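Fold and geometry: a report
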Amino acid sequence: MSLTLDQLNAAGRDSFVALLDGVYEHSPWIADAAWSQRPFKTIPQLKYTLAQVVRQSGEERQKGLIRAHPELAGKAAVAGQLTAESTNEQSRAGLTHCTAQEFARLQQLNADYNARFGWPFILAVRGPRGLGLTREQIIDTFARRLDNPADFELAECLRNIHRIAEIRLHDKFGTEPVLGNLVWDWAESLAAHSEPGYAEQGQLTVTYMTPAHQACAAQLTTWMQDCGFDEVSIDAVGNVVGIYQGSDASAPRLLTGSHYDTVRNGGKYDGRLGIFVPMACVRELHRQGRRLKYGIEVIGFAEEEGQRFKATFLGSGALVGDFPPSWLDQQDADGISLREAMQAAGLSASLADIHALKRDPARYLGFVEVHIEQGPWLDEIDQPLGVVTAINGSARYAGEVIGQASHAGTTPMDRRKDAAAAVAELVLYVEQRAAWDAHSPQGPSVGTVGVLNVPSGSVNVVPGRCQFTLDLRAPDNAQRDALVADVHKQLAAICERRGLRHTLTLSMQASAAPSDPSWQARWEAAVMATGLPVFKLPSGAGHDAMKLHECMPQAMLFVRGGNAGISHNPLETITNDDAQLCVDAFMHLLEQL
């Protein structure tokens, strides 16, 4: 018989600990410390509380928890000495049926890992979906994590322990994240569509109007129809639009969605999660035969990343009337224009049709977006969901410092006009200056010099030219502008001191998009309804929401990404449980409208 929260909340200390036996390997002290925080309103609240007990326990006790776990396919597994929970998990991952070669590899990895860190390697081998990782995935992860710094690896082991505990709690309570599984499976299935040259290597790349892109649009269309949307269509720029009507036809709709294109060799959840979560909510409403007063419009935006063409936010830009006619003449690396690509995909490429996509803000309540965080904060603090306070404003520049190329052996150090050394100074200043805003009330700034190039550079020539880029971001425009002004001033000072010239050309500027206070409050209430505390943070990345912000109120919900929140990378990942929390929070937001 499955455990219930009522039973757990009613239990005395000893019984409480006994009921949670095995959730954390040989560590009853965690449940013992959590007992005083009853009653738990939700299982996510219980999970979070247990994780916080570990977080607050100190490093030595944390290492003891790690060491309480067995090695993967280690000697204890061979001797049959594992707990029932570990036996089940390692068996599901096939670790009890290793080939001789795999077993030898794992033994060597175990030895190398212990020698480097002093504790056993911990991995939630049942994986982000709970079905079990393959032995190849386990070995690849093992080898990759050997390169981590010790403090990071300690935290990564604890994060995996919490994931193991999460899955074990499902077993105890007899629960399953049904809609989270659906969202996770949709992401996996859509990732089957990738472009030639990447698909063969198991990499995900979907850029605007390629066959893979069109296949994604077709698949989303089918899924939306299956979910019960009343209207599903592909619009003039390739956005997939699903409408679930409300009971009041005259009431404004809620607009939501995100993008389905990807960066090259990207992840499965960036953008796409924000399409799947509201789709799952509509599917559930339709299954229950329910209509809300307000309609729901879900859009899979066709383009956000600017990968094939430099028409970034093409999909959401069209909805706010920002589609410059010159975009149609842009060409990709093969000389194919945007107009030709659209027409080849069956779109008219008519400016009249595109301009007709502009939405009337009076017909909408606002825009909300669910997105993977694409950063480390939520993962680091064991927080599944975060409420976005603002999308950072940004400014990008292309720059060049011009000095004098000269012989590296004969030019004295005090006579050089080294352009690269000047830019190196600037790089360090950008890093330092952005860090000054770490404790800003609005949130931190970030600064990046992502491209450095010495034209015709040679090992024995003092660089006469150095080209570079600047990417400066902050949570509001005033903070961004102060950062920009200081960097400009420092560059001028460096060049004057060194006797150099410089150019700096603005290539892109985007205003910050603060979350609408009322919609941010709705997300906060939705997070609290899951039993989790509210954690607020700005978004350093740009999103479709910042375009919709130009014409209607917007607010975003972040979900943590695994692997320290890495994104734009095949290692981008979420769990089915976190996907379920997204759906639960989104459904709460809908029902409170």
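Everything below is about the structure printed above this text.
Residues numbered from 1 in each chain as written. Predicted model: local features only at pLDDT ≥ 70, side-chain atom pairs only at ≥ 80, totals over all residues. Heavy atoms only, no water.

1. Things to note about helix α19 (residues 477-498)
Owing to its 3.6 residues per turn, the α-helix aligns residues three or four sequence positions apart on the same side. Under the 1.5 Å per step criterion, the end-to-end length of α19 is 32 Å for 22 residues, consistent within 8% with the ideal 32 Å. Within α19, the full set of buried residues consists of Q479, R480, L483, V484, V487, L491, I494 and C495. Each buried residue of α19 sits inside an arc of 135° when the element is viewed along its axis, so together they form one side. Exposed side of α19, more than 90 degrees from the buried face: A478, K489, E496 and R497 are the residues found there. Residues of α19 that are buried make contact with β7 (393-402), α18 (419-435), β9 (446-448), β12 (465-474) and β13 (501-510). Just downstream of α19 lies G499, where phi reads positive at about 70°. (Helix = DSSP H or I, 4+ residues; strand = E, 2+ residues; numbered from the N terminus. Expected span 1.5 Å × (residues − 1). Buried < 20%, exposed > 50% of the residue type's maximum accessible area, 1.4 Å probe, protein only. Arc of directions from axis to C-beta. Contact = heavy atoms within 4.5 Å.)

2. Observations regarding the side chain of E153
Turning to its location among the elements, E153 is positioned in helix α10 (residues 150-173). Side chain to side chain, E153 and R145 meet in a polar contact 2.6 Å long. A distance of 2.7 Å separates polar atoms of two side chains, one belonging to E153 and the other to N148. Excluding residues within four positions of it along the chain, E153 makes contact with Y113, F117, W119, F121, R145 and N148. (Polar contact = N/O pair within 3.5 Å; in protein donor to acceptor, adjacent residues only side chain to side chain.)

3. Brief notes about the environment of A187
Here A187 lies in helix α11 (residues 178-190). A residue is classified by how much of its surface remains accessible, and A187, at 1% relative accessible area, is buried. Spatially, the C-alpha atoms of A187 and R272 are 7.1 Å apart, while their sequence positions differ by 85 residues. With residues near it in sequence (within four places) discarded, A187 still touches K268, Y269 and F276.

4. With respect to the pattern of salt bridges
Any two side chains of opposite charge can pair if their charged atoms end up close together. One pass over the full model with this rule turns up 35 salt bridges. Here R465 ties to E400 by a salt bridge, and the two come within 2.5 Å at their closest N and O atoms. In this pair, R465 sits in strand β12 while E400 sits in strand β7, placing the two residues 65 residues apart along the sequence. Assessed through its relative accessible area of 37%, R465 is described here as partly exposed. For E400, a relative accessible area of 15% translates into the label buried. A salt bridge links D414 to R415, with the shortest nitrogen-to-oxygen separation between them at 3.4 Å. Accessibility expressed as a relative area gives 61% for R415, which makes it exposed. Through salt bridges with shared partners, one network takes in K47, R163, E166 and D577. (Salt bridge = Lys/Arg side-chain N within 4 Å of Asp/Glu carboxyl O.)

5. A closer look at the side chain of H162
Positionally, H162 belongs in helix α10. In this structure H162 comes out as buried when scored by relative accessible area, which is 13%. When neighbours within four sequence positions are excluded, H162 is seen to be in contact with Y24, A51, V54 and D382.

6. What about the nonpolar core?
Counting 78 residues, the largest nonpolar core has Y208, M279 and W523 as its most contacted members. Counting residues in hydrophobic clusters, the runner-up holds 45 residues, among them V53, V54, L106 and L154. (Core = buried A, V, L, I, M, F, W, Y, C linked by side-chain atoms within 4.5 Å.)

7. Topic: unusual backbone geometry
P39 follows R38 through a cis peptide bond whose omega is 0°. Mapped onto the fold, P39 is located in the loop between α3 (28-34) and α4 (43-55). One non-glycine residue, M209, adopts positive backbone phi at about 65°. Of note, M209 is situated in the loop between α11 and α12 (211-227). For M209, a relative accessible area of 8% puts it in the buried group.

8. Section: empty space enclosed by the protein
Per the counting criterion, the structure on display carries three cavities of 30 Å³ or more. Of the voids in this model, the second largest cavity is the one considered here, and its volume is about 40 Å³. In this structure, the second largest cavity is lined by T207, Y208, D261, E303, Q307, R308, F309, A311 and L314. Tallied by class, residues from the lining of the second largest cavity come to four nonpolar, two polar and three charged. (1 Å grid on protein atoms, 1.4 Å probe; cavity = no way out; pocket = protein on both sides within 12 Å on 5 of 7 lines; lining within 4 Å. Points joined across faces, edges and corners; volume = space filled by probe spheres on them. Nonpolar A, V, L, I, M, F, W, Y, C, P; charged D, E, K, R; others polar.)

9. Some points on the pairing of β12
In terms of burial, β12 is largely enclosed, as seven of its ten residues are buried. Pairing of β7 with β12 involves ten bridges; the strand directions are antiparallel. Along β12, the bridge assignment pairs E400 with Q467. Where β9 lies against β12, three bridges are found, and the strand directions are antiparallel. Considered in β12, the bridge of V446 is made with R473. Pairing geometry for strand β10 (residues 452-453) and β12, over two bridges, is antiparallel. Residue pairing for β12: N453 is matched across the bridge by Q467. (Pairing = 2+ DSSP bridges.)

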